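Each chain is listed here by its residues.
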Amino acid sequence: MLPNAETRVVVELVDGPIESEPILESLSDLDAGAHSLFLGKTRRRTAGKETDHLVYDAYRPMALAELRRLADAAADRWQLKRVVVIHRLGRVDLGEASIAIAASSGHRREVFEAIPWLLDEIKSDVPIWKQEHWSDGLTEWVHP
């Protein structure tokens, strides 16, 4: 479910690909001059090792509650018109998005400040765990 005229904040955990176009379209607000979207994608190399794919797991009820708390806090702090946070669970292959954070506001400064803040808070506070699957067949759970 993406934001509409009555919905300011949307958070989701999804088990499939994250589509950016519907997210960007959902940010529309005639009072919003700034629209921004961050996509966190699986990269090929991490710390000199080659990644095959990632797997994300979460404690869903708590993760959704924390995502909502953080998105609401960002919306209030920066007076955002719309906020969308979508995190993918399960297998995420190279080049695919594991997280999308989008926001719209009256001016650019608000979205430029809110999105990095949200990403940092999500990575440190939300019970979502990443398992690296390396090209050599080894795996490693990662969480800050």
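Here the structure is shown first, and the text comes after it.
Chemist: When you look at the pairing of strand β8 (residues 128-134) in this model, what are you seeing that I'm missing?
Modeler: Burial within β8 is extensive, with 5 of its 7 residues counted as buried. Strand direction decides the pairing type here: strand β4 (residues 49-58) and β8, joined by 7 bridges, are antiparallel. Bridge pairing in β8 links A58 to I128. Looking at chain direction, β8 and strand β9 (residues 139-142) are connected through 4 bridges and run antiparallel. Residue E132 lies in a different strand from β9, and its bridge partner there is E140. Adjacent in sequence and paired antiparallel, β8 and β9 are bridged by 4 residues, among which G137 carries a positive phi angle near 95°.

Chemist: Please clarify how the packing of helix α2 (residues 60-77) against helix α3 (residues 108-125) should be interpreted in this entry.
Modeler: Think of two packed helices as two axes; the pair is described by the angle between the axes and how far apart they sit. Packing of α2 against α3 brings their axes to within 10 Å, and their N-to-C directions diverge by 155°. With respect to their mutual orientation, α2 and α3 come out roughly antiparallel. In this structure, the crossing between α2 and α3 has a hand that is right-handed. Along its contact with α2, which presents E66, L67, R69, L70, A71, A73, A74 and R77, the element α3 presents W117, L118, E121, I122 and D125. Looking at the contact of α2 with α3 residue by residue, the classes come out as 8 nonpolar, no polar and 5 charged.

Conventions we followed
- Residues numbered from 1 in each chain as written.
- Predicted model: local features only at pLDDT ≥ 70, side-chain atom pairs only at ≥ 80, totals over all residues.
- Heavy atoms only, no water.
- Buried < 20%, exposed > 50% of the residue type's maximum accessible area, 1.4 Å probe, protein only.
- Helix = DSSP H or I, 4+ residues; strand = E, 2+ residues; numbered from the N terminus.
- Pairing = 2+ DSSP bridges.
- Axes fitted to C-alpha atoms, helices over the stretch in contact; angles between N-to-C directions.
- Parallel < 35°, antiparallel > 145°, perpendicular 65-115°, else oblique.
- Left-handed = near helix turned anticlockwise from the far one by under 90°.
- Contact = heavy atoms within 4.5 Å.
- Nonpolar A, V, L, I, M, F, W, Y, C, P; charged D, E, K, R; others polar.

Don't take any of this as a statement about function, it's just geometry.
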